[in-house]
Protein chains: 2
Amino acid sequence: MIKQEHIKNLKAIVGEENFYHDKAHMIAYSYDATRERYEPDAVIFPRNEEDISKILRYCNENGIVIVPRGAGSGFTGGALPANGGIVLALEKHMNKILEIDMDNMVAVVQPGVINMELQKAVEAKGLFYPPDPASQEYSTIGGNVSENAGGMRAAKYGITKDYVMAIRAVLPNGDIIRAGKKTIKDVAGYNIAGILIASEGTLAVITEITLKLIAKPKRKQTAMGVFPTVEKAMEAVYKTMASGVTPVAMEFLDNLTIRAVEEKFKKGLPVEAGAILITDVDGNLPEELSYQMDVIERVFKENGCTQFKKAANDEESADLWFARRNASQSITIYGSKKINEDITVPRSVLPELLRRIDEVSKKYGVKVPCFGHTGDGNVHTNVMVDGSDEKQLEIGHKAIEEIFQITVDLGGTLSGEHGIGLSKAPFMHMAFTEEEINLFRAIKKAFDPNNILNPGKMAL
Amino acid sequence: MIKQEHIKNLKAIVGEENFYHDKAHMIAYSYDATRERYEPDAVIFPRNEEDISKILRYCNENGIVIVPRGAGSGFTGGALPANGGIVLALEKHMNKILEIDMDNMVAVVQPGVINMELQKAVEAKGLFYPPDPASQEYSTIGGNVSENAGGMRAAKYGITKDYVMAIRAVLPNGDIIRAGKKTIKDVAGYNIAGILIASEGTLAVITEITLKLIAKPKRKQTAMGVFPTVEKAMEAVYKTMASGVTPVAMEFLDNLTIRAVEEKFKKGLPVEAGAILITDVDGNLPEELSYQMDVIERVFKENGCTQFKKAANDEESADLWFARRNASQSITIYGSKKINEDITVPRSVLPELLRRIDEVSKKYGVKVPCFGHTGDGNVHTNVMVDGSDEKQLEIGHKAIEEIFQITVDLGGTLSGEHGIGLSKAPFMHMAFTEEEINLFRAIKKAFDPNNILNPGKMAL
């Protein structure tokens, strides 16, 4: 419950029309893509950086919790007010593309800009913003930066952090800071932008982001390879990546996922295959594309690929991508509740990872369809259970815990792109030592000594 | 002066043969590339991470200052014991390439490995480590990471931070931590590796670095363009970079620099030219090279290029690069003391930057030859004075201060690749607000509450 006095003072900052604590708003801002729900005490819509500075200064002085929020499309509860407090909703007013600087190939945006809107705006000018999380049609750049979002194109083009040149942000005490410049290089001072990326809204509220853009490649081509076993496909993945050719994307679907898409959409997919790989290459010249495709075809076939299909045009390309695009929704045929994680390992241990996930699946008697961004070692692992069955849910969570342990043992990470938030906080001790978690806590304290900003996330 | 008791205890950790406090060692470890000198109280050569942990724990408990040092080739005094203490010299034992992992395209190295040794080792396996600071033949990877070194190839391939995947380090209290993984993506926990990069040895001692490698491009070609004015050349730089073609390098020399090289080496350089640009492109196919060269030639000529020369082979390429490679040593004809800085601006304001540097040069009556990495907006600005003349030195420093102010006014940074260290510490207030410097101090304190690690650097 928020005190009347605070309501009055916060309304004085942002105006009546930008502060709500009615039931409808509390419900609307209580959830994210985890489907867990925590109602905030209020929702506030700052109009600009100055509002945010005043709000944070006020809340810091009065011990009021603030939870920054973009589109609420996160998979780990990063934007959920798990400890109550006020949701600081950035999607309403702080959603402008401030500049697309063609000369320096840079975009300056507010945090509430939708990823896809930015992509479209820069592509209209012949430029390219590569990070493309699956949530691109609704997730915000602020959220992407806060979670360091990845996407399909990460194998070649990297992830959000590779494009952030500068950040403006408000510290919990209300101080406004700028970190980084509109320059490729900047080594003056500590890399504050670097630590704000992936900090899940726990250190500062990001108010402006300067992003590197690149020239849009003129051509693109898609291919699909069918493999007898998932191990063979995983061998083909890392051997392709080590061949010198870097595909834009190198995505995989395992047998369970292929079957699920086929059952739902009847597209004539190879349901007996152990796995399929779908890959895109790009470049400016036809010769670059055919060179890359030739290498990929050779490496795929050397690793047991029984069928290799190249798309001749955009329509065929969309067709090859269909299975991957519809994987996530299709696998729900295996259970009403999907416990999905985005573990990531060094690419060379992908075959072993998938083998061991299969063992876990058998041990617990649960189906674990897998698909994802194998080009960068990132596997979306989905433990499917009946969500209404407490016993099954418990088994599912045990299976996931075991998969996390396997991932860490193989030199991998709990999260390739979704973050820790609430969902993975219980597993932080698997991935980090006490000394490392102490360091995280010291950094949190350096930014936010009163712990008002998104408390309780990341096991801090 | 270091107490006998501490000498005894530190020798017990590393062995007699790895601890020195004789005059010869004090002198040998008193300088870096700034030519300033500060003698340490002792020099210690840790054999491994465990030694470093024990040393730091002991020094932290006893308030003894530690200054980590690689090759001592830094340009800003980052490795100088400006406040006394013990130099922790990492080049002697901690200098091994631990692993070159072909499957994952990753190298794992100790901090004392020389940049060029790593480049050679990975190129022998068909892989490529792009960061190539001018000091590559003697600077260490640990130093490169600590200063976030750039180099010639940054225009296309980025800088050191773009290749650091994981770091092991020892905190001032002796805790050993690991940050990052051998995975392209890792968003679990705060980005500790990100903040250690460019932290100039003030937060932790780096003991192991995992670096991303890429496939070595099969072909490369060099070209040179001659321009009537430096402004025209700068226009050509940013318009080339915005054309969709990304050269590996795009280096420039101004008229003063061209004349200096010509005077020293008589190579028949165009001494009347306002500036020359030297550029490299690379790729796997001949078509990629000719496509890029055609675009560059067109953009250069549209911007006043009077002569465009493409190298037909390695020998001609080395010839075109000769002037750039010898720029730094040649400009000493203008004065015995070179006050050199590595300011960086957004590329589109390069023409204005150079115009304004010329004004400063005239105002103070000093020669300011400029050259450098214009492809990423990084200009090596050299105020040349008579080093034995106090009055001239003072004028030189005033000129540099004015150039820093211009750089910051144009949205640039004090340092593109050399760091802040001691040399630029007095100018931190130009580039950062009090709030930002307070945040740096809070971060320093979170890592190093007793301020034992490389104190006095970066104006903290």
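Quick notes on the rules
- Residues numbered from 1 in each chain as written.
- Chains lettered and ligands numbered in written order.
- Predicted model: local features only at pLDDT ≥ 70, side-chain atom pairs only at ≥ 80, totals over all residues.
- Heavy atoms only, no water.
- Helix = DSSP H or I, 4+ residues; strand = E, 2+ residues; numbered from the N terminus.
- Rg over C-alpha atoms; globule rule 2.2 N^0.38 Å.
- Buried < 20%, exposed > 50% of the residue type's maximum accessible area, 1.4 Å probe, protein only.
- Areas by Shrake-Rupley, 256 points an atom, 1.4 Å probe, with all protein chains shown as cover.
- Lys, Arg positive; Asp, Glu negative; His and termini not counted.
- Charge placed at Lys NZ, Arg CZ, Asp CG, Glu CD.
- Salt bridge = Lys/Arg side-chain N within 4 Å of Asp/Glu carboxyl O.
- UniProt positions renumbered as here; feature names shortened; annotations may be inferred.
- Axes fitted to C-alpha atoms, helices over the stretch in contact; angles between N-to-C directions.
- Parallel < 35°, antiparallel > 145°, perpendicular 65-115°, else oblique.
- Left-handed = near helix turned anticlockwise from the far one by under 90°.
- Contact = heavy atoms within 4.5 Å.
- Nonpolar A, V, L, I, M, F, W, Y, C, P; charged D, E, K, R; others polar.
- Pairing = 2+ DSSP bridges.
- Polar contact = N/O pair within 3.5 Å; in protein donor to acceptor, adjacent residues only side chain to side chain.
- Buried area = accessible area lost by both parts, 1.4 Å probe.
- Least-squares fit on C-alpha atoms with pLDDT ≥ 70 in both.

1. Quick look at the overall build of chain A
Helix and strand counts for chain A stand at 16 helices and 18 strands. Its C-alpha radius of gyration of 23 Å places chain A within 12% of the 23 Å reference for a compact globule of 460 residues. Dimensions of chain A, computed from the C-alpha atoms along their principal axes, are close to 70 × 60 × 40 Å. Across the 460 residues of chain A, 62% fall into the buried class. Accessible surface, chain A: about 16,700 Å² in total, of which carbon and sulfur atoms supply 48%. For chain A, the distance from the average site of its 54 positive side-chain charges to the average site of its 62 negative ones is 1 Å.

2. A look at the pattern of salt bridges
Residue and element names in this part refer to chain B. By the definition in use, this model includes 60 salt bridges over all chains. We note a salt bridge from lysine 239 to glutamate 235, for which the minimum N-O separation is 3.1 Å. A residue pair is termed a helical-turn pair when its members lie 3 or 4 positions apart in one helix, as lysine 239 and glutamate 235 do in helix 8 (residues 230-241) at four residues. The class of glutamate 235 is partly exposed, set by a relative accessible area of 25%. The shortest N-O distance in the salt bridge between glutamate 251 and arginine 324 comes to 2.7 Å. Residue glutamate 251 is located in strand 13 (residues 249-254), and its partner arginine 324 is located in helix 11 (residues 314-325); the two are separated by 73 residues in the primary sequence.

3. A word on the UniProt feature "domain: FAD-binding PCMH-type" (unreviewed entry) in chain A
In the UniProt entry, the feature "domain: FAD-binding PCMH-type" (unreviewed entry) is given for residues 36-216 of chain A. Each end of residues 36-216 of chain A is marked by a C-alpha atom, and these two atoms are 39 Å apart; helix forms 22% of the span and strand 24%.

4. Examining the packing of helix 1 (residues 4-14) of chain A against helix 3 (residues 49-62) of chain A
Residue and element names in this part refer to chain A. Where helix 1 contacts helix 3, the two axes come as close as 9 Å, and the packing angle between them is 160 degrees. One element, helix 1, and the other, helix 3, form an angle in the roughly antiparallel class. The handedness of the crossing between helix 1 and helix 3 is right-handed. Across the interface between the two elements, Glu5, His6, Asn9, Leu10, Ile13 and Val14 of helix 1 pack against Asp51, Lys54, Ile55, Tyr58, Cys59 and Asn62 of helix 3. Taken together, the residues that form the contact of helix 1 with helix 3 break down as six nonpolar, three polar and three charged.

5. Digging into the sheet that holds strand 10 (residues 205-212) of chain A
All names here are of chain A. Reading across from one edge, 5-6-10-8-9 is the order of the five strands in this open sheet, with antiparallel pairing throughout. Each edge of the open sheet is held by one strand with a lone partner, namely strand 5 (97-101) and strand 9 (176-180). Geometrically, the sheet is characterised by an average inter-axis angle of 10 degrees between neighbouring strands, direction not taken into account. With four bridges connecting them, strand 5 and strand 6 (residues 106-109) associate as antiparallel partners.

6. A word on the side chain of B:Glu262
All names here are of chain B. Secondary-structure assignment places glutamate 262 in helix 9 (residues 255-265). Within the buried set, glutamate 262 has no salt-bridge partner at all; the shortest N-O distance to an opposite charge, 6.1 Å, is to lysine 266. A distance of 2.8 Å separates a polar atom in the side chain of glutamate 262 from the backbone nitrogen of leucine 269. Ignoring anything within four residues of it in the chain, the contact list for glutamate 262 reads Lys267, Gly268, Leu269 and Val271.

7. Quick notes on the sheet that holds strand 1 (residues 19-20) of chain A
Residues and elements named next belong to chain A. Spatially, 1-2-4-3 is the arrangement adopted by the four strands of the open sheet, whose pairing is mixed. The open sheet terminates on both sides in strands that have one partner only, identified here as strand 1 and strand 3 (66-69). Sheet analysis places strand 3 next to strand 4 (residues 86-89), joined by four bridges and oriented parallel. In the strand pairing of strand 4, isoleucine 66 is matched with isoleucine 86.

8. Overview of the interface of chain A and chain B
Listed by partner, the interface residues are 77 residues for chain A and 77 residues for chain B. Contact between chain A and chain B buries roughly 6,500 Å² in total, counting both sides, with carbon and sulfur atoms accounting for 62%. On the chain A side of the interface with chain B, the three residues burying the most area are A:Lys185, A:Val187 and A:Tyr190, jointly 16% of the side's total. Taken together, chain A and chain B are joined by six salt bridges. A salt bridge links B:Asp376 to A:Lys185, with the shortest nitrogen-to-oxygen separation between them at 3.3 Å. The tally of links between chain A and chain B comes to 26 residue pairs in polar contact (both at pLDDT 80 or more).

9. Re the relation of the copies chain A and chain B
If you rotate chain A by 180 degrees and push it 0.0 Å along the axis, it lands on chain B with an RMSD of 0.0 Å. Taken together, the rotation angle and the small translation identify this as a two-fold axis. Distance from the rotation axis, computed per C-alpha, reaches its smallest value in chain A at A:Gly194: 2.6 Å. A shared interface surface links the copies, since 100% of the contact residues of chain A are contact residues in chain B too.

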